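Topology and contacts: notes
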Amino acid sequence: MTPFSYLRAQSLQDAIAALAAEPGSRVIAGGTNLVDLMKYDVEAPRRLVDITRLPLHGVIPTDAGGLRIGALTPNSDLAYHPQAARDYPLLASAILAGASAQLRNAATTGGNLLQRTRCPYFYDVATACNKRAPGSGCSARTGINRNAAILGASEACVATHPSDMCVALAALEAIVHVEGPNGARALPIADLHRLPGDAPERDVTLDRGEIITAVELPSPRFGRHHSYLKLRDRLSYAFALVSVAAALEIAGGRVVTARLALGGVAHKPWRIREAEALLEGAAPSRAAFAEAADRLLQGAVGLGGNDFKIPLARRAIIRALTQAADGAPQSQSRKVIN
Amino acid sequence: MNDVLAYVGRPQPRVDGPLKVTGRARYAAEVAVEGMAYGAVASSAIARGRIRSLHLAAAKAAPGVIAVLSHERDPGLPDEDDPYLKDMGAVPGSPFRPFCDDRIHFSGQPIALVIADSHEHARDAAALITADYDAETPQVDLMAAKAAAYVPPEPRSGIPPPPPPRGDAQAAFAAAPVRLQEDYRVAAEHHNPMETMATTVVWEGDGRLAIHTKTQGVNNPKTYVCAVFGLDPDAVRVISPFVGGAFGMALRPHYDLLLATLAALTLKRSVRLTLTRQQMYTMGWRPDTLHTVALSASEDGRLTSIRHAAVQATSRYEDYQEPTVNWSGLLYACPNVTLSYELAKLDTSTPSDMRAPGAALGLYALEAAMDELASRLKIDPLELRLRNYAERDFNEDKPFSSKELKACYRQGAERFGWDRRRPEPRSMRDGSELVGLGMATGCWEAMMQPHAARATLDAEGRLEVACGTADIGTGAYTILSQIAAEALGLPIERVTAKLGDTTLPKAPVEGGSWGAASAGSAVQAACAALKEKLLAQARGMNGAFANAAIAHARFTADGVALASDPAATVAYADLVRAAGGDGIAAETEFEPDEEFTKKYASYTHSAVFAEVRVDEELGVIRVARLVSAVAAGRILNPATARSQILGGAVMGLGMALHEETVWDATLGRIMNANLGEYHIPSHADAPDIEVIFVDEDDRANPLGVKGLGEIGIVGVAAAIANAVFHATGRRVRHLPITLDKLL
Ligand SMILES: Cc1cc2nc3c(=O)[nH]c(=O)nc-3n(C[C@H](O)[C@H](O)[C@H](O)COP(=O)(O)OP(=O)(O)OC[C@H]3O[C@@H](n4cnc5c(N)ncnc54)[C@H](O)[C@@H]3O)c2cc1C
Ligand code: SF4
């Protein structure tokens, strides 16, 4: 760890100004990711701007019938928030599939969105990694890549985004509210995370000094037909090898709306609108689910260690869609996969 | 004998529990003294080569830094092997000597030590240290290295090489109607105890050192530092009363001890050095091992040959060895057996003993092969084992001191419901899950070592028993207190056990599951000697005792009484006062009975049964139930004994499904050196585990105890892997069985 200075921001404007003033500044919220990275000398901010005293807490109903989740809302508070749990069970389930109870208590909504990859080389400063040290090379491409991306990767970086929560947010088409030196703006979550391309050091599209203030959910539609299915190397407390957020609206025996997002397979939650469209209008069936899975996985390539993710993802998509269609979502505490 | 207070054999809560849960138990990294300095180690980025230059200037200039030590300015450590070989756990070869030269032997090797005025300053400065290397291509792939495998020229002390072949296994195999030959492999593992390695060296002036270090036996680090630094043994005390788990990794001294002592001697002040979690992966590991097992049998399931060949990883600089294949000559009655054991060198640190070293790996391979044989023969796996039951140790051609393995099989099978098992794989299911039932046998040697112990009674009738052994979390404090309390007829609250200090009566390292049998026998003997002393004292004080022999005396909470006349009692207070001192003490040495061990082979056994559930489509495996039936002689404390078996079972489950140290083959570097990515079973993975202790009467030591630290893990991985086969019809012969291997 390198010494740093610390500022406890008193207002949002304070924080934004502080971030803009000093290039080496970083926001700290729950600290469950950033502090680890600092201890590993992966991140060495010159200044930490603590935003935890800012009024960005709380889960509030919106006029549009949705929910506005303050960026500082702890992951567990959100998962157990009565209205969130009732109207957005897919989101609650995804959150509870992640990390451990202790981590979820400390982790915040904003921090979860911006947590960094779990690629092992990113964490080890003795190795080459374009995301950590641009231009140094990508060790994962030919090294340990069991958890690497099968979709949307680039020559420069094959890392995955590790969040569970974000996969559900992608399926639910959440809106991310940010505020920065140039004022406030809102962007669909699909536009928040980026693909690595030739600039893998940039995980997201935010500009310097921008702070996430809230995440907004549109009015609920998937209270009944949904499932978050996470597959990992042990039954709890491990990042996803593959995860699926599936949400359906079914009427008259036909799928009216479908939302499908994958975690653990790409640099961002992976969603393809056409794959969803293939389901819409059809009766839920294994064949339809398989077709959607194939479309969503189109272009998937393995690097050796992660080849298994391609068939695994296909099966997981079919299973999660089956669970969703049956109204039998995967439980995160009972470990049997139904 | 007294029958008033019986402690031995009853569940007794841990006597050290309250200290541990309230944080009052002080571990090596928690000892703080005035003026102490703090160390942090900078580690090598490469796995093999030489350091061309070290860049230390930034670290030296960093705030709070007192000194930076490295090989560059010779810190004065001896550069010949001899002193380092005084490590009681040394293996053949040339022990790792930090800071001796510019050579890099393994990734993460210490290249510099920063000493600063605070832990944070030391750590921050260590992060500023970089080096230029002349890197060479490392070899960390056992499959590739095995081409150069060799029979270790010098066996490791205390580890028997494979027994010579018996019969003609090759001919018997060729002639047999049923044959099987398969390769098995278990991934490399690390111990991952909760407590990281740490040493606090307290500089007491006049060259006197009090060294608090994490160790499984205080006498080893003491001998080691005295040899390496040329210190007077009378000036060095090593203290380690509490150990936060070790599983074998703290049998040998590690570089935290060496470097902290070096710093204290160089700076003439107290120094604390704690290693990081990542650095815990730069020392001692369960070696990656390749097994080939060939079995043959008659149609009715009698084994006609067993061959087991293992190639095991070791470091470039030492020949670590464990008895990996020997078990395959021991477990079953078979006339034709050939066992072989070879090593292959990797550019890693030296492996080390890890819970049931050798047996955990070797018996996985044998018991997985036995399951394959059973399925080929269409004989129930348990029945196959019974048909080949060994009533004798055929490796050494000796009878067993006791062997209740049949009772383990029977009681385990009954509790588990083995008779529910349908013989065909993939024949049992429950919803979307395939159900599999598997079993395996476990075995571990019941060893003993010489131990000394002292028992001291004070005027308040409080008893202290002392022994230089370690309690690494197994419950040694508790069982020794139970033995002592029962011997003297005292309530256990009046007994204190003292362990982990070189000023106490001598004991070797705590390993091999010999602690309970050896330290227990020593404490029992010390208490017996103390009773003789107390009685002798009573004889001089009360005429009624004049002719009393020990059999006539009763020891109670109040004092020594006559069995025939309880009214005749001499109070402990009076005895101690009359003896003229603070207390009456007796010290004895326990020596294992050589005659007995020459005549008999002594082993613990277990039968492990596992039920797994496998999602057919996704390959997700859940272990639903484990039953472990153990024969380990007399059980001193069913509560702590059960915990040992539970812990072993969970560790075995980790071996079967989760644990794997992952190296980058090009960099020779461990890429999952943290508890987030090195997966040990989580609570969700740990199933219902039932532990059965079967009655077993053993005479190898006066207590009838065999030891329990390791047997709990042996056989578990095989039972689970066999259950996965039964569920899915898929044989995965390379542990851990992660879901991708079932897709
Ligand atoms: C052992 C372990 C296991 C885990 N397992 C899982 C898992 O299975 N699934 C999963 O989804 N997650 C998992 N996590 C990750 C965990 O969810 C994240 O660490 C957490 O969500 C981060 O939130 P935080 O508030 O602590 O973020 P911090 O660590 O405080 O910050 C993370 C990043 O976000 C930035 N940041 C934070 N808040 C804001 C804001 N409002 N505006 C702008 N920037 C901001 C910070 O500058 C930093 O770059 C695991 C973590 C650990 C340590
Ligand atoms: S995949 Fe990305 S994060 Fe991983 S080593 Fe390559 S560049 Fe770094």
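Note that this is a predicted model, so its numbers are computed, not measured.

So, the overall build of chain B
Along chain B, the regular secondary structure elements total 16 helices and 31 strands. For chain B, with 743 residues in total, the buried portion stands at 63%. Put simply, 80% of the contacts in chain B that link residues at least 6 apart link residues at least 24 apart. Of the roughly 26300 Å² of accessible surface on chain B, a fraction of 50% belongs to carbon and sulfur atoms.

Quick word on unusual backbone geometry
Residues and elements named next belong to chain B. With an omega dihedral of 0 degrees, the bond running from Leu735 to Pro736 counts as a cis peptide bond. Counting through the fold element by element, Pro736 comes out in the segment after strand S31 (734-735). Its identity is not glycine, yet Lys268 carries a phi of approximately 55 degrees, on the positive side. Of note, Lys268 is situated in the loop between helix H7 (255-267) and strand S11 (271-274). Within the chain, Ser513 stands out as a residue other than glycine whose phi angle is a positive 60 degrees. Mapped onto the secondary structure, Ser513 falls in the loop between strand S21 (495-498) and helix H12 (515-539). Using a relative accessible area of 8% as the deciding quantity, one classes Ser513 as buried.

Details of the UniProt feature "domain: Aldehyde oxidase/xanthine dehydrogenase a/b hammerhead" (unreviewed entry) in chain B
The UniProt entry lists residues 22-137 of chain B under the feature "domain: Aldehyde oxidase/xanthine dehydrogenase a/b hammerhead" (unreviewed entry), expressed in the numbering used here. With 11% helix and 30% strand, residues 22-137 of chain B has end C-alpha atoms that lie 49 Å from one another.

Re the pattern of salt bridges
Taken as a whole and judged by the stated rule, the model has 71 salt bridges over all chains. As a salt-bridge pair, Arg116 of chain A and Asp203 of chain A come within 2.9 Å of each other at their nearest N and O atoms. Of the two residues, Arg116 of chain A is situated in the loop between helix H7 (109-113) and helix H8 (165-171) and Asp203 of chain A in the loop between strand S7 (183-188) and strand S8 (211-217); the sequence distance between them amounts to 87 residues. Residue Arg116 of chain A is classed as buried on the basis of its relative accessible area, which comes to 12%. Ionic pairing is found between Arg252 of chain B and Glu318 of chain B, a salt bridge with its closest N-O pair at 2.8 Å. One end of the pair, Arg252 of chain B, is in the loop between strand S10 (236-239) and H7; the other, Glu318 of chain B, is in the loop between strand S13 (303-315) and strand S14 (337-346), and 66 residues separate them in sequence. Each of Arg415, Arg420, Asp430, Glu433, Glu611, Arg613, Arg622, Arg625 and Glu690 of chain B takes part in a single network of salt bridges with overlapping partners.

Let's talk about the site of ligand 2
Near ligand 2 you find 13 residues, and of these Cys119, Cys129, Cys138, Cys157 and Val158 of chain A are the closest. The residue makeup of the shell around ligand 2, split by class, is ten nonpolar, two polar and one charged.

Comments concerning helix H5 (residues 89-96) of chain A
Counted residue by residue, H5 of chain A has seven buried out of eight residues, so it is predominantly covered. Among all positions in H5 of chain A, only Pro89, Leu90, Leu91, Ala92, Ser93, Ala94 and Ile95 of chain A are buried.

A look at the packing of helix H10 (residues 286-296) of chain A against helix H11 (residues 309-325) of chain A
How two helices pack is summed up by the angle between their axes together with the distance between the axes. Residue and element names in this part refer to chain A. At a closest axis distance of 9 Å, the pairing of H10 and H11 adopts a crossing angle of 135 degrees. With respect to each other, H10 and H11 are oriented oblique. The interaxial crossing formed by H10 with H11 has right-handed handedness. Here Arg286, Phe289, Ala290, Ala293, Asp294 and Leu296 of H10 come into contact with H11, specifically with Arg314, Ile317, Ile318, Leu321, Thr322 and Ala325. Of the residues contributing to the contact of H10 with H11, the split by class is eight nonpolar, one polar and three charged.

Comments concerning the packing of aromatic side chains
Residue and element names in this part refer to chain B. Inspection of the entire model under this criterion finds 19 aromatic pairs over all chains. Considering the side-chain rings of Phe400 and Tyr603, the 6.1 Å spacing of their centres and the 80 degrees angle between planes classify their relative orientation as edge-to-face. On the criterion of sequence distance, the pair formed by Phe400 in the loop between strand S16 (398-399) and helix H10 (405-416) and Tyr603 in strand S26 (residues 603-615) is long-range, its members being 203 residues apart. Here Phe400 falls in the buried class, since its relative accessible area comes to 10%. For Tyr603, a relative accessible area of 10% gives the class buried.

Remarks on the site of ligand 1
All names here are of chain A. Around ligand 1 lies a shell of 33 residues, among which Arg26, Val27, Gly31, Thr32 and Thr108 are the nearest. At 2.7 Å, a side-chain N or O of Thr32 approaches an oxygen atom of ligand 1. Out of a free accessible area of 990 Å², ligand 1 has 95% covered by protein chains. At the level of secondary structure, the elements contributing two or more residues to the shell around ligand 1 comprise strand S2 (25-28), helix H2 (34-39), H7 and S8. Looking at the shell around ligand 1 residue by residue, the class counts come to 16 nonpolar, twelve polar and five charged. A domain-level breakdown of the shell around ligand 1 finds at least three residues from each of domain 1 (1-53) and domain 2 (226-326).

Brief notes about the interface of chain A and chain B
Every contact between the two is made by 33 residues of chain A and, on the other side, 35 residues of chain B. When chain A packs against chain B, close to 3000 Å² is buried across both sides, 59% of that on carbon and sulfur atoms. At the boundary of chain A with chain B, the tally comes to five salt bridges. Those elements that place two or more of their residues in the side of chain A that touches chain B are strand S9 (225-231) and H11 of chain A. Looking at the side of chain A that touches chain B, the element that brings in the most residues is H11 of chain A, giving four residues. In terms of residue class, the side of chain A that touches chain B is built from 18 nonpolar, four polar and eleven charged.

Some thoughts on a negative patch on the surface
Residues and elements named next belong to chain B. A contiguous patch of negative charge on the surface is contributed by Asp74, Asp79, Glu80, Asp82 and Asp101. If you trace the backbone, Asp82 turns up in the loop between strand S3 (65-70) and strand S4 (103-104). Accessibility expressed as a relative area gives 53% for Asp82, which makes it exposed.

What to know about the environment of Ala32 of chain B
Relative to the helices and strands, Ala32 of chain B is located in the loop between helix H1 (17-21) and strand S1 (37-43). Residues Ala32 of chain B and Arg272 of chain B lie 240 residues apart in sequence; the distance between their C-alpha atoms is 8.3 Å.

Things to note about the domain arrangement of chain A
One can read the domain layout of chain A as domain 1 (1-53) and domain 2 (226-326). Between the C-alpha centres of domain 1 of chain A and domain 2 of chain A the distance comes to 36 Å.

Some points on the nonpolar core
Residue and element names in this part refer to chain B. Core analysis: the largest hydrophobic core is formed by 101 residues, its most contacted members being Leu295, Leu373, Phe609, Val612, Leu626, Ile720 and Ile737. If you tally residues by element for this core, the top one is helix H8 (residues 359-377), at 13 residues. The contact partners of Leu373, leaving out residues within four places of it in the chain, are Val178, Leu180, Leu295, Ala297, Leu303 and Leu384. In terms of nonpolar packing, the next biggest core, distinct from the first, is built from 56 residues, Tyr27, Cys467, Leu562 and Leu575 among them.

As for the side chain of Thr199 of chain B
Residues and elements named next belong to chain B. When you line up the elements, Thr199 lands in strand S8 (residues 198-203). Among the residues examined, Thr199 registers a relative accessible area of 0% and is labelled buried. For Thr199, the side chain forms a polar contact with the main-chain nitrogen of Leu257, separated by 3.4 Å. Apart from residues no more than four positions distant in its own chain, Thr199 is found in contact with Ile211, His212, Thr213, Asp256, Leu257, Ala260, Val271, Arg272 and Leu273.

Brief notes about the domain arrangement of chain B
Residues and elements named next belong to chain B. Taken as a whole, chain B is organised into domain 1 (31-137 + 194-246 + 249-282), domain 2 (146-189 + 285-447 + 598-742) and domain 3 (449-591). Each partner contributes residues to the interface: domain 1 has 17 residues there, and domain 3 has 17 residues. In this assembly, domain 1 packs against domain 3 so that about 1300 Å² is buried in total across both faces, 54% of it on carbon and sulfur atoms. Broken down residue by residue, the surface that domain 1 buries against domain 3 is led by Gln216, Asn219 and Arg237, which jointly contribute 38%. Applying the counting rule to domain 1 against domain 3 returns one salt bridge. In this structure, Arg237 and Asp501 form a salt bridge, with 2.4 Å as the shortest nitrogen-oxygen distance. Linking domain 1 with domain 3 are six residue pairs in polar contact (both at pLDDT 80 or more). With four residues, the single largest contributor to the side of domain 1 that touches domain 3 is S10. Grouping the constituent residues of the side of domain 1 that touches domain 3 by class yields eight nonpolar, seven polar and two charged.

Rules used in this analysis
- Residues numbered from 1 in each chain as written.
- Chains lettered and ligands numbered in written order.
- Predicted model: local features only at pLDDT ≥ 70, side-chain atom pairs only at ≥ 80, totals over all residues.
- Heavy atoms only, no water.
- Helix = DSSP H or I, 4+ residues; strand = E, 2+ residues; numbered from the N terminus.
- Buried < 20%, exposed > 50% of the residue type's maximum accessible area, 1.4 Å probe, protein only.
- Contact = heavy atoms within 4.5 Å.
- Areas by Shrake-Rupley, 256 points an atom, 1.4 Å probe, with all protein chains shown as cover.
- UniProt positions renumbered as here; feature names shortened; annotations may be inferred.
- Salt bridge = Lys/Arg side-chain N within 4 Å of Asp/Glu carboxyl O.
- Near = heavy atom within 4 Å.
- Nonpolar A, V, L, I, M, F, W, Y, C, P; charged D, E, K, R; others polar.
- Axes fitted to C-alpha atoms, helices over the stretch in contact; angles between N-to-C directions.
- Parallel < 35°, antiparallel > 145°, perpendicular 65-115°, else oblique.
- Left-handed = near helix turned anticlockwise from the far one by under 90°.
- Phe/Tyr/Trp six-rings, centres within 6.5 Å; stacked < 30°, edge-to-face > 60°.
- Polar contact = N/O pair within 3.5 Å; in protein donor to acceptor, adjacent residues only side chain to side chain.
- Domains from an automatic or database assignment.
- Buried area = accessible area lost by both parts, 1.4 Å probe.
- Patch = residues over 30% accessible without salt bridge, like charges linked within 9 Å, V, L, I, M, F, W, Y side chains within 5 Å.
- Lys, Arg positive; Asp, Glu negative; His and termini not counted.
- Charge placed at Lys NZ, Arg CZ, Asp CG, Glu CD.
- Core = buried A, V, L, I, M, F, W, Y, C linked by side-chain atoms within 4.5 Å.

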